Amino acid sequence: MADGPANNEGPDRQGFLLDLMTGADDEAASLQKLAYASARWLSSTAGTGVECAAVLYRQRGSTATAGSTTEAAAVAASEDEYSDGPAALGSTLAAPTVVSQAGSRWQAYRRRLLEQGFGAALVLPLELHPGVSAALVFLGPPNHAFTPRVTSEAAWFGEVASRSLKLALDVHGVIRAGDNLKQVLESRTSIDVACGVLMAQNRCSYAEAFSRLAGTSRNRNLKVRSVADSILKAMPSGAPRTRFEPPAIA
């Protein structure tokens, strides 16, 4: 990605996004791409090697963590494990927050930073969807100090990261919904065709055929679709394949 401009104005700041989808199969992979991109960007801005830990929280669901290095990933994982660091409170922070070794807050967290070879940390809360929050933690080497200019640039980068991650989460959500719908349709097709087979064999109604499937499902402790698939596999022609045709455009 290109470095951000030196100030918060200018046309090149508008519509700037990070590609967090190419090669990312799920949200965890997109978060990892964000950690890598964030570390590269702030290292260039700060003029020194800066790593990045990324944490994604959901009110209902597991926490995802990532890091630009093994050490940064350990810092991110510690946020999830101990929940006593600034990233765990990222959604309550109103602006980028610097955690220095000279401070008195987050003492246990600052000790963990030193154990992983880092000094100061710059915490960047990201605005996402309701019930979902995230934070980037930029990790500087020992004796490093994040200057006001770098902190200001980080505030702009936070807007870019928020929009980019929000878009990635939306896309992954659409993909999951499509996969779930496909599974539902495939399951429905197997059950309907199996019911048709039973209707022909037993000269019964659809409701009676489905009742037979459900009864076998309960007796064998199997899913209804598994029972349906076993019936279809026993057919001379094998189980039919589910086809998904795009809607016709008038």
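Residues numbered from 1 in each chain as written. Predicted model: local features only at pLDDT ≥ 70, side-chain atom pairs only at ≥ 80, totals over all residues. Heavy atoms only, no water.

## Notes on the pairing of strand E5 (residues 132-139)
On a regular strand, one side chain projects to one face of the sheet and the next to the other, so that they alternate.
Part 1 of the argument: Within E5, 8 of the 8 residues are buried, which leaves it mostly tucked inside the rest of the structure.
Part 2 of the argument: Neither face of E5 is left uncovered, since the one carrying Val132, Ala134, Leu136 and Phe138 and the one carrying Ser133, Ala135, Val137 and Leu139 both have all their residues buried.
Part 3 of the argument: Examined bridge by bridge, strand E1 (residues 51-58) and E5 share 8 bridges and lie antiparallel to one another. Paired with Arg58 across the bridge in E5 is Val132.
Part 4 of the argument: Sheet topology note: the strand E4 (residues 121-126)/E5 ladder contains 6 bridges and is antiparallel. Opposite Leu122, over in E5, you have Phe138 as the bridge partner.
Part 5 of the argument: Taking the residues between adjacent antiparallel strands as the criterion, E4 and E5 are bridged by 5 residues, where Gly131 takes a positive phi near 85°. (Buried < 20%, exposed > 50% of the residue type's maximum accessible area, 1.4 Å probe, protein only. Helix = DSSP H or I, 4+ residues; strand = E, 2+ residues; numbered from the N terminus. Pairing = 2+ DSSP bridges.)

## Describing the side chain of Ser78
Part 1 of the argument: As for its position among the elements, Ser78 is in helix H2 (residues 70-82).
Part 2 of the argument: Assessed through its relative accessible area of 7%, Ser78 is described here as buried.
Part 3 of the argument: A distance of 2.7 Å separates a polar atom in the side chain of Ser78 from the backbone oxygen of Val75.
Part 4 of the argument: Apart from residues lying up to four places away in sequence, Ser78 is in contact with Ser83 and Arg112. (Polar contact = N/O pair within 3.5 Å; in protein donor to acceptor, adjacent residues only side chain to side chain. Contact = heavy atoms within 4.5 Å.)

## Brief notes about the environment of Asp192
Part 1 of the argument: By secondary structure assignment, the location of Asp192 is in helix H4 (residues 148-202).
Part 2 of the argument: Relative accessible area serves as the criterion here: at 34%, Asp192 is assigned to the partly exposed category.
Part 3 of the argument: For the pair formed by Asp192 and Tyr206, sequence separation is 14 residues and the distance between their alpha carbons is 8.6 Å.
Part 4 of the argument: Here the side chain of Asp192 touches Tyr206 through a polar contact of 2.6 Å, side chain to side chain.

## Description of the sheet that holds E4
Part 1 of the argument: Ordered in space as E2-E1-E5-E4-E3, the 5 strands form an open sheet in which the pairing is antiparallel. Strands with a single pairing partner mark the edges of an open sheet, and in this sheet they are strand E2 (64-67) and strand E3 (97-99). The sheet shows a mean angle of 20° between the axes of neighbouring strands, direction not considered.
Part 2 of the argument: The sheet strands contacting helix H1 (residues 27-46) are E1, E2, E4 and E5, and the helix crosses E1 at an angle near 145°.
Part 3 of the argument: Each of E1, E2 and E5 touches H2; the most contacted strand, E1, lies at about 30° to it. (Axes fitted to C-alpha atoms, helices over the stretch in contact; angles between N-to-C directions.)

## Observations regarding the pattern of salt bridges
Side-chain pairs of opposite charge can arise where the charged atoms are in close proximity.
Part 1 of the argument: Within the structure shown, the criterion is met by 2 salt bridges.
Part 2 of the argument: Between Arg58 and Glu27 there is a salt bridge whose closest N-O contact spans 2.7 Å. Of this pair, Arg58 sits in strand E1 while Glu27 is found in helix H1, placing the two residues 31 residues apart along the sequence.
Part 3 of the argument: The class for Arg58 is partly exposed, based on a relative accessible area of 27%.
Part 4 of the argument: Judged by relative accessible area, which is 14%, Glu27 ranks as buried.
Part 5 of the argument: As a salt-bridge pair, Asp229 and Arg225 come within 3.4 Å of each other at their nearest N and O atoms. Of this pair, Asp229 and Arg225 both sit in helix H6 (residues 224-233), separated by 4 residues, roughly a single helical turn. (Salt bridge = Lys/Arg side-chain N within 4 Å of Asp/Glu carboxyl O.)

Functional significance is not addressed by these values, which are geometric in nature.
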